[in-house]
Structure formats: structure tokens, C-alpha cells
Amino acid sequence: KNTLAYDATNKTVFITLVSLSSSQLLNFNGTDFGEMVIYVPAGWNIYLKYINQESLPHNLNLVANDTPTPNSTDIALDGKILLTIGATSSDYQTMGIMGGQSASGLYTDIPAGIYWLACGISGHAESGMWVVLIASPNVTTPYVVTSSS
């Protein structure tokens, strides 16, 4: 497990996700289909930075999910979108940032629960472009675990 950058004084964890052009298509940090699991303390702030290195447009959404895996072309049908980065709440299914661009956003005071960080472009999350984020009162230091499928 790898500790994430964080600031305990203002309870903020810093998460950077990159869609790598050197990896399989539709990936975050070279992982897909929930192989990456990020653990953060419940009640903390989540600062997300997203960098796209692929030629396809992508965006990043924090989703309070209702299903274990994205199974709809529209991620909003699988849960509630809490934050959209690199698009807007109305165009996340078609718009994103292009290769070489980055975008960031802040979600404050995340409640305990299980979330996805997923691309909202139609079909991308369903095709594997998502990671799991777990906010728990049992986590004191934010960290990430990656498993290969």
C-alpha cells in the first residue's frame, strides 16, 4: 500500500489520477475495472487532480454509487454524481479534457461510504475506466492499494 499526499491540519487528501497513453485504453494510473482502491478518512476533503495523456477526451467524476461496478453507459444511472472535473454536470457524457490537459476540483467533508472515481463519457466507466474510493472513520492516513485482475 502507498500513502497518499495529505495535509492533516486542514484534513485534505491530494489524489492525482492520470490516463496514461502507454497503458490500455480507458485507464486511471494504468489500472482499470476497480483495480485501484483509494482509502481516505471519512469527513476529510478530497482534492482531485486529473491529467489526460490519451488522445480521447475524458473527465473525472466522484460518484456515490448504488452498484458495485458501473453497468450503465450513463454513470448517473448507477449512483449520484457529487463532483465533475473536466466537464460540467450537463455535458459529462460527451465532453472532457483532451490529451495534455489537466483539471482539478475539491470535494469537502466526504461522508463515510464507498464511491467511484470514474470517467463520465458515455460507456467509458462501463468499459473499465473507474477506481474505488472508500471513506472510512477507521482510516487515519490516506493510502492506495492496486491489485491486478
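Remember, predicted model here, so these are calculated numbers, not experimental data.

Trainee: Sorry if this is basic, but what is going on with the pairing of strand E11 (residues 143–146) here?
Mentor: Looking along a regular strand, one sees the side chains alternate between the two faces of the sheet. Where strand E1 (residues 2–3) and E11 come together, two bridges link them in antiparallel fashion. Residue pairing in the sheet places Asn-2 in a bridge with Val-144 of E11. Here four bridges tie strand E4 (residues 36–41) to E11, and the two strands are oriented antiparallel to one another. Paired with Met-36 across the two strands is Thr-146, which belongs to E11.

Trainee: I would appreciate a short explanation of a nonpolar patch on the surface in the present structure.
Mentor: A cluster of nonpolar residues, Phe-14, Tyr-47 and Leu-106, forms a patch on the protein surface that exposes about 260 Å² of accessible area. When you line up the elements, Tyr-47 lands in strand E5 (residues 45–52).

Trainee: For this particular structure, what's the right way to read the side chain of Ser-136?
Mentor: By the element assignment, Ser-136 lies in strand E10 (residues 130–136). Owing to a relative accessible area of 14%, Ser-136 belongs among the buried residues under this scheme. From its side chain, Ser-136 meets the backbone nitrogen of Asn-138 in a polar contact 3.0 Å long. Once you skip the residues sitting within four places of it in the chain, Ser-136 turns out to touch Val-40, Pro-41 and Ala-42.

Trainee: Looking at this structure, how should I read unusual backbone geometry?
Mentor: Glycine aside, a negative phi is what most residues show, and trans is what most peptide bonds show. A positive phi angle, close to 50°, is found at Lys-11, a residue other than glycine. Inspection of the secondary structure puts Lys-11 in the loop between strand E2 (5–7) and strand E3 (12–19). The exposure class assigned to Lys-11 is partly exposed, which follows from its relative accessible area of 45%. For Asp-109, which is not glycine, the phi dihedral falls at a positive 55°. With respect to the element layout, Asp-109 can be found in the loop between strand E8 (102–107) and strand E9 (113–118).

Trainee: How should the nonpolar core be read in this particular structure?
Mentor: Note on soluble globular proteins: their nonpolar side chains tend to be buried together. If you look at the biggest cluster of nonpolar residues, it comprises 30 residues, and the most contacted ones within it are Ile-15, Leu-17, Ile-38, Val-40, Ile-110 and Leu-117. Setting aside residues no more than four positions away along its own chain, Leu-117 makes contact with Leu-17, Phe-28, Ile-38, Leu-48, Leu-60, Asn-61, Leu-62, Met-129, Trp-130, Val-131 and Leu-133. By size, the runner-up hydrophobic cluster in this structure holds eleven residues, among which are Val-37, Ala-87, Tyr-92 and Val-132.

Conventions adopted
Residues numbered from 1 in each chain as written. Predicted model: local features only at pLDDT ≥ 70, side-chain atom pairs only at ≥ 80, totals over all residues. Heavy atoms only, no water. Pairing = 2+ DSSP bridges. Helix = DSSP H or I, 4+ residues; strand = E, 2+ residues; numbered from the N terminus. Patch = residues over 30% accessible without salt bridge, like charges linked within 9 Å, V, L, I, M, F, W, Y side chains within 5 Å. Areas by Shrake-Rupley, 256 points an atom, 1.4 Å probe, with all protein chains shown as cover. Salt bridge = Lys/Arg side-chain N within 4 Å of Asp/Glu carboxyl O. Buried < 20%, exposed > 50% of the residue type's maximum accessible area, 1.4 Å probe, protein only. Polar contact = N/O pair within 3.5 Å; in protein donor to acceptor, adjacent residues only side chain to side chain. Contact = heavy atoms within 4.5 Å. Core = buried A, V, L, I, M, F, W, Y, C linked by side-chain atoms within 4.5 Å.

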